[in-house]
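Residue-level listing of the chains:
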Amino acid sequence: MNNNILKNVAIFSLISLCHIAYAYGFDFKIIYVFFTFSILYIISKSVINKIILIILSGISIIYLPVGFLYGEPNFNTVASLYSTNTIESIEFLCNIPIKYITLSFFIAALCFLCCRLDCSFPKKYRRFIIFFVVVVAIASPLKNIIKRNNIVNIGIPEWKFASKLFHSIKEFKLEKKKLEGYMNNADTFENVKFSGKYNTYVVVIGESVRKDYMHMYGFEINNTPFMDSTNGVRFLNYISAGSSTLPSLTNSLTQYPNLSNNIITLAKKAGLYTYWISNQGFIGDIESPISSIGRKADEYFFLKKGGYNSKIKYQDSDLLPKISESININKGVNGKLIVIHLMGSHTPTCHRTNDEFDIFYGNIELSCYIQSIKNTDKLLSNIQSLLTDTNSMWSMMYFSDHGLSFNKKSIKHDYELIHSDAYKQSFEVPFFITSFDSNEKKSISAERSGLSFLGLFSEWIGIESKNILRSCHYLSDEDCNPEGIKVYNYKNHKIDFQQIPRQEKIY
Ligand SMILES: [Zn+2]
């Protein structure tokens, strides 16, 4: 094949792949491939041609795995990127399916080939091509401004990607500044009264558990023997506030955006001594809002100190000595609140179980997932034993921050669990409360929202405050959401939960 044809075919394929990579989730349009191709054609003699090719390919190589798993740049992608730490980054890289890595390598190889091949473009079409570029460059923004009065959504993928990315970064930075402002101030809880019947309250925050893979909620493998057999209250329809850790927990544990008004500061004002014991990251490049809530506790302990540590796969059970210590010390006037933040079933799920599982189900990753739920159930059972040993009047609450959804892994029939806001299962989580004096198994089927968590929490502990409206009795079957449940999606928009489709059963 002659060099010119080979190079043109290579460049055209490269641009197509780049558009698919960083514009995954947008509509792929061949006209925009021609558009980018034409620009490169016009400046083919210049060194800028190669620079553009390298930049486009570079962005595609880096963004491709993120784009394929989580779609276009949005508030959530940027927030996760900013608050992640080294361990989470390593885990993310380990979790990238091989097909995306292969595609990234293919883009790199094509880019290398395009830069190496030398050729000249015939001049006779130049005028026509310049005309085409000008028409598309004008028509695309014009169409959008007329139709939607919006220049962010202009169809040209390079523009769309860059503007979505910068828009999301701007949005995130604004939000972060607002939250930091609140976090640096004292809480504003007033007239806090405590009338709780227990003196030891334990909140266990699970991670990435969807309830349909739990035996307690009807799943076929018995991976929740403790919760199955223990007396207490099960919420059958608790819907998390978001489908990833940050939006879910900031909206549940605090009076968002006022992060200073949170479960820790509320408990402290009620005369409880507070502990925050976490297996999640402490410092990323920027401290996460969740760990900053934790640091408001009288005593806090983070297994991961943020920096790279040789033992990266800390297990949740490694928290037990610290949990035992906090259970056995009594310092508060009215007792204590111990918040335990787990890694639970976070992907890659086999890291959570040291690559082990008792029963194979679906595929290896899912088998580890089911096992990780069993491990959390075992941990809850261990905590209950520690509590019982102290003869204290205790109550323990367990829920998960959000669920997960399936994503098709490759051409063959194989799926993986990922964070997603696309399906109901990403929001349907377990919620279970047990106490030393629980004497029956009770189920609450009325819908409960993660956005009203603070109300539910204060009712459970027995706290009243002027700032917390408790118009509903959350620990009963009363309908507390007559207008339906709302959740936050990845764009940080509040939407109706009912609008979200249910993913059909895969395994
Ligand atoms: Zn999470």
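Predicted model, so just to flag it, every value in this text is computed and none were measured.

A few words on the state of the cysteines. By definition, a disulfide links the sulfur atoms of two cysteine residues through a covalent bond. Evaluated as defined, the whole model comprises two disulfides. The residue that forms a disulfide with C350 is C368, at a sulfur-sulfur distance of 2.1 Å. A torsion of 90° about the S-S bond marks the disulfide between C350 and C368 as right-handed. Separated by 18 residues along the polypeptide, C350 in helix α14 (residues 349-352) and C368 in helix α15 (residues 364-389) bring together distant segments of the chain. Taken individually, C350 and C368 each receive the classification buried, so the pair is uniform in this respect. Each disulfide pairs two cysteine sulfurs, and for C472 the partner residue is C480, the sulfurs being separated by 1.9 Å. A torsion of -75° about the S-S bond marks the disulfide between C472 and C480 as left-handed. Assigning the bonded cysteines of the chain consecutive numbers by sequence position, one obtains the connectivity 1-2, 3-4. Cysteine C18 shares no disulfide, and the gap to the nearest cysteine sulfur, in C111, comes to 7.8 Å. C114 carries a free sulfur, and the closest cysteine sulfur to it, the one in C111, is 6.7 Å from it. Take C114: its relative accessible area is 0%, and that puts it in the buried class.

Now for the sheet that holds strand β14 (residues 431-435). Two pairing modes exist for strands in a sheet, parallel and antiparallel, and in both the strands are linked by backbone hydrogen bonds. Read from one edge to the other, the open sheet built from eight strands follows the order β8-β7-β9-β2-β10-β14-β3-β15, with strand pairing classed as mixed. At either end of the open sheet lies a strand with only one pairing partner, and these are β8 (299-302) and β15 (441-444). Mean inter-strand twist for the sheet, computed between neighbouring axes without regard to direction, equals 10°. As paired elements, strand β10 (residues 394-400) and β14 share five bridges and run antiparallel to each other. Note that in β14 the partner of F399 across the bridge is F431. Helix α13 (residues 320-328) contacts β7 (273-278), β8 and β9 (336-341) of the sheet and is inclined by roughly 170° relative to β9. α15 rests against β2 (200-206), β9 and β10 of the sheet, and its axis sits at about 165° to β10.

Judged by side-chain polarity, V47, I48, I51, I55 and I59 come together as a nonpolar surface patch covering roughly 430 Å² of accessible area. Summarising the element assignment, I48 is placed in helix α3 (residues 47-70).

On average, residues of the chain score 87 in pLDDT, and 91% of them are at 70 or above. Taken as a whole, residues 306-311 scores under 50 in pLDDT and shows nine contacts with residues more than four places along the chain or in a different chain.

Attention now moves to the coordination of the zinc ion. Here the zinc ion is held by E207 (OE), E207 (OE), T245 (OG1), D401 (OD) and H402 (NE2), and the distances to it run 1.9 to 2.7 Å. Counting gaps between the donor residues of the zinc ion yields the pattern E-x37-T-x155-D-H. Highlighted residues: E207 in the loop between β2 and α9 (225-229) and H402 in the loop between β10 and β11 (405-408), separated in sequence by 195 residues. Relative accessible area serves as the criterion here: at 0%, H402 is assigned to the buried category.

Reading guide: rules and limits
- Residues numbered from 1 in each chain as written.
- Predicted model: local features only at pLDDT ≥ 70, side-chain atom pairs only at ≥ 80, totals over all residues.
- Heavy atoms only, no water.
- Disulfide = S-S within 2.5 Å.
- Helix = DSSP H or I, 4+ residues; strand = E, 2+ residues; numbered from the N terminus.
- Buried < 20%, exposed > 50% of the residue type's maximum accessible area, 1.4 Å probe, protein only.
- Pairing = 2+ DSSP bridges.
- Axes fitted to C-alpha atoms, helices over the stretch in contact; angles between N-to-C directions.
- Contact = heavy atoms within 4.5 Å.
- Patch = residues over 30% accessible without salt bridge, like charges linked within 9 Å, V, L, I, M, F, W, Y side chains within 5 Å.
- Areas by Shrake-Rupley, 256 points an atom, 1.4 Å probe, with all protein chains shown as cover.
- Salt bridge = Lys/Arg side-chain N within 4 Å of Asp/Glu carboxyl O.
- pLDDT = per-residue confidence, 0-100.
- Donors = N, O, S within 2.8 Å, 3.2 Å for Na, K, Ca; no water.

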